[in-house]
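Fold and geometry: a report
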Amino acid sequence: MYDFDKEIDRRGSCSVKYDSLKEVFGREDLLPMWVADMDFRTAPGVLKAVRDAADLGVFGYGFRSADSVDSFIAWVESRYSWSVKREWVSSAPGIVAALPLAINALTSAGDKILIQTPVYPPFHAIVKENGRTLVKSPLINTETGWEIDWADFESRLADGVKMFILCSSHNPLGRIWSHEELKRMGELCCKYGTVIFSDEIHADLSLYGNRHTVMASISEEIAQNTITAMAPSKTFNVAGMLNSVIVSSSERLLASYNGELKRLHLDLGNLFGHITMAAAYREGGEWLEHLKIYLEKNIDFAHDFLAREVPGVTFLKPQSSFLLWLDFRKSGYTHEEVRNRLLDISKLGLNDGLAFGRDGEGFFRMNIGTNRARVEEGLKRLKKAF
Ligand SMILES: Cc1ncc(COP(=O)(O)O)c(C=O)c1O
């Protein structure tokens, strides 16, 4: 019904993943399985909305209509039982852009901001670029999965952290935080007066029957202390539309955030971003269910392949999204050697684990949001070197 197997040649389409290999890896002869967008065409309803808008042929200023906001509200109500009011909703030209806006709106120079490593590289960079102090609470790698070090987490908060950037579900670990874990993190942040920036961009991609919980839906107290960031970008493969949704029921937090957004005149947004968002949330549900099944099969395939053919490289199946956190520590090679072998022998473009923090040593991130043939090709290339 939906052809996720279709081979799509994205080269020459202004794609970061395909067209900037030389800048990022220093060479072009790689199979790109790195930056987190997928190789699939988006949902048919979204494509139709874009085509209709393109046919109009006039691309003047756009704005996010109430109708488009309502499509988001209906989506999160039905998926997460999270009731959002229109006046709680704001925007950003991407969640990466929302982060410095929120940081500048809600913290001051030198303030401490907490992240849980290993985590999405821009979390590290943005805190530092904006003159704040980066505080890390490393997650613990256990046999069964990555866990929060609660004593460490609380002691960091107690040390005067002003903001906590939560990655939920977690990139690169693919971990969906349970209701209990979120509640505990949320309550601790309230206790120590730490605002939560909850990046839930991967929320819609929960797999294998796992359920995502919205941090701000847990209690009124937590909601009043949280800014939530969501987007259709990962879910519907429309990241290039640069359109995300920022939500807070706290008048104070939202007014501060909006003040920063307006000061930089970033509130109008991108015309195609608004069009894709409305169509995605209104009509994309069924496509998404099929996509998730395809992703699960890709993950299962990769898991079986590595277990059978490349026992020195392992991963824990992600509970969400399309990113594999590959563990090379039993491959017999150092991190540096793994990096070189991936490039020189496998000819694979993966994300270097060290970009996610020091605890990413020995790991590389592989994006399997692509057709099965390419996943297989990537794994065969991996096998050549390990
Ligand atoms: C946790 C997380 N936040 C944000 C982003 C990017 O967000 P945006 O494209 O909306 O800037 C990504 C993309 O990989 C991500 O994994």
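See the structure above.
One structure accompanies this document, and this report is about it. (Residues numbered from 1 in each chain as written. Predicted model: local features only at pLDDT ≥ 70, side-chain atom pairs only at ≥ 80, totals over all residues.)

**Details of the overall build of the chain**
In terms of helices and strands, the chain carries 14 helices and 14 strands. The C-alpha radius of gyration computed for the chain amounts to 20 Å, which stays within 12% of the reference 21 Å derived for 386 residues, consistent with globular compactness. Across its three principal axes, the chain shows a C-alpha extent of roughly 55 × 55 × 40 Å. Per-residue burial for the chain yields a buried fraction of 46% across its 386 residues. When contacts within the chain are restricted to residue pairs at least 6 apart in sequence, long-range pairs at least 24 apart make up 73% of them. (Helix = DSSP H or I, 4+ residues; strand = E, 2+ residues; numbered from the N terminus. Rg over C-alpha atoms; globule rule 2.2 N^0.38 Å. Buried ≥ 20, exposed ≤ 12 C-beta atoms within 10 Å, placed from the backbone. Contact = placed C-beta atoms within 7 Å.)

**Considerations on the sheet that holds strand 11 (residues 323-327)**
Spatial strand order, 11-14-13: 3 strands in an open sheet with antiparallel pairing. The outermost strands of the open sheet, each flanked by one partner alone, are strand 11 and strand 13 (351-352). Summarising the sheet, strand 13 and strand 14 (residues 363-367) pair through 2 bridges and their orientation is antiparallel. Counted as the bridge partner of Asp 352 is Phe 364 from strand 14. (Pairing = 2+ DSSP bridges.)

**Some remarks on the pairing of strand 3 (residues 112-115)**
Relative to strand 4 (residues 133-136), strand 3 runs parallel, the two sharing 4 bridges. Bridge pairing links Ile 115 to Lys 136 in strand 4. With respect to chirality, the unit in which strand 3 leads through helix 6 (residues 121-129) into the neighbouring parallel strand 4 is right-handed. (Right-handed = clockwise from strand over helix to strand, strands pointing away.)

**Focus: the site of the ligand**
The environment of the ligand is made up of 13 residues, and the closest members are Ala 36, Gly 94, Ile 95, Val 96 and Asn 171. The residue makeup of the shell around the ligand, split by class, is 8 nonpolar, 4 polar and 1 charged. (Near = placed C-beta within 6 Å. Nonpolar A, V, L, I, M, F, W, Y, C, P; charged D, E, K, R; others polar.)

**Details of the sheet that holds strand 8 (residues 195-199)**
An order of 2-10-9-8-7-3-4 is seen for the 7 strands of this open sheet, with the pairing classed as mixed. Only two strands of the sheet have a single neighbouring strand rather than two, namely strand 2 (89-92) and strand 4. The sheet shows a mean angle of 25 degrees between the axes of neighbouring strands, taken without regard to direction. Sitting on the sheet, helix 10 (residues 251-263) is in contact with strand 2, strand 8, strand 9 (226-230) and strand 10 (244-247), with an inclination near 35 degrees to strand 2. (Axes fitted to C-alpha atoms, helices over the stretch in contact; angles between N-to-C directions.)

**Remarks on the environment of Ala 280**
Secondary-structure assignment places Ala 280 in helix 11 (residues 271-283). Classification of Ala 280 as buried rests on a count of 31 C-beta atoms within 10 Å. In the structure, Ala 280 is positioned 187 residues away from Pro 93 in sequence and 17 Å away in space, judged by C-alpha atoms. The contact partners of Ala 280, leaving out residues within four places of it in the chain, are Ala 43, Val 46, Pro 232, Phe 236 and Val 238.

**Some words on the packing of helix 5 (residues 95-106) against helix 6**
Close contact between helix 5 and helix 6 brings their axes to 10 Å; oriented N to C, the two are set at 35 degrees. Relative to helix 6, helix 5 is oriented so that their crossing is right-handed. Here Val 96, Leu 99, Pro 100 and Ile 103 of helix 5 come into contact with helix 6, specifically with Pro 122, Ile 126 and Val 127. Among the residues making up the contact of helix 5 with helix 6, the classes are represented as 7 nonpolar, no polar and no charged. (Left-handed = near helix turned anticlockwise from the far one by under 90°.)

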